[in-house]
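Read off the chains here:
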Amino acid sequence: MTCPDVDTAPVLLPAEDMPVGQEIECGSYQVTEDEIVEFASAWDPQYFHVDRDHAAHSDFGGLIASGLHTASIFQRLAATGMYQRYDVVAGKEIHGMRFLRPVRAGDVLTCTVTIQSREPAGAGRCLVTIAGGLRNQHGRPVLELHVDSLVRSRDASSRSE
């Protein structure tokens, strides 16, 4: 029997290491028609997300991604581009989420996050607020939101050492 090697576990940084005020580029993602239809078929089956012919006659003039799909793309990029380095406990609140323009097949969405604040939130935790968004390949915003998350603080990290 072997024991897991605890030295190979990633070292997660405390909230105090999150750079308040700095904009962080979190990568890009190209949206496909197949995934627009697949996501919407499972979670938001409105005709302008799932039926190309019917969507062509909608106000959008074609298929568009569900807003929840767009928000999920943001979350994936923010998680892999920024959050995974930090000792995140949990998301707490999403507020001010705005869908600013449709996302279509072929769009390349780029994610940015700005850490707005970091405040103590009980023993060993900080409340971290970020402003985030996605822009399309033309540099036009498609999504804006603010997210509050609980992140372990340095106090909690030092107690476990």
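Residues numbered from 1 in each chain as written. Predicted model: local features only at pLDDT ≥ 70, side-chain atom pairs only at ≥ 80, totals over all residues. Heavy atoms only, no water.

- The name given to the protein chain in an unreviewed UniProt entry is Acyl dehydratase, with Knoellia remsis as the source organism.
- Among the UniProt annotations of the protein chain, the heading Sequence similarities (unreviewed entry) holds the following wording: "Belongs to the enoyl-CoA hydratase/isomerase family." (UniProt positions renumbered as here; feature names shortened; annotations may be inferred.)

**Description of the UniProt feature "domain: MaoC-like" (unreviewed entry) in the protein chain**
Here comes step 1: In this structure's numbering, the residues bearing the UniProt feature "domain: MaoC-like" (unreviewed entry) are residues 20-117.
Here comes step 2: The span residues 20-117 is 35% helix and 31% strand, and its two end C-alpha atoms sit 6 Å from each other. (Helix = DSSP H or I, 4+ residues; strand = E, 2+ residues; numbered from the N terminus.)

**A look at the packing of aromatic side chains**
Here comes step 1: Taken as a whole and assessed by the stated rule, the structure comprises two aromatic pairs.
Here comes step 2: Each ring, one from Y47 and one from F48, has its centre 5.2 Å from the other, and the planes form 80°; the classification is edge-to-face.
Here comes step 3: Judged by its relative accessible area of 16%, F48 is buried.
Here comes step 4: The interplanar angle of 55° and the centroid separation of 5.4 Å between the aromatic rings of F48 and F60 together place this pair among those described as tilted. Separated by twelve residues along the polypeptide, F48 in helix α2 (residues 47-50) and F60 in the loop between α3 (52-55) and α4 (67-81) bring together distant segments of the chain.
Here comes step 5: Taking the relative accessible area as the measure of exposure, F60 reaches 32% and is therefore partly exposed.
Here comes step 6: Grouped by ring-pair contacts, the aromatic residues Y47, F48 and F60 constitute a single cluster. (Phe/Tyr/Trp six-rings, centres within 6.5 Å; stacked < 30°, edge-to-face > 60°. Buried < 20%, exposed > 50% of the residue type's maximum accessible area, 1.4 Å probe, protein only.)

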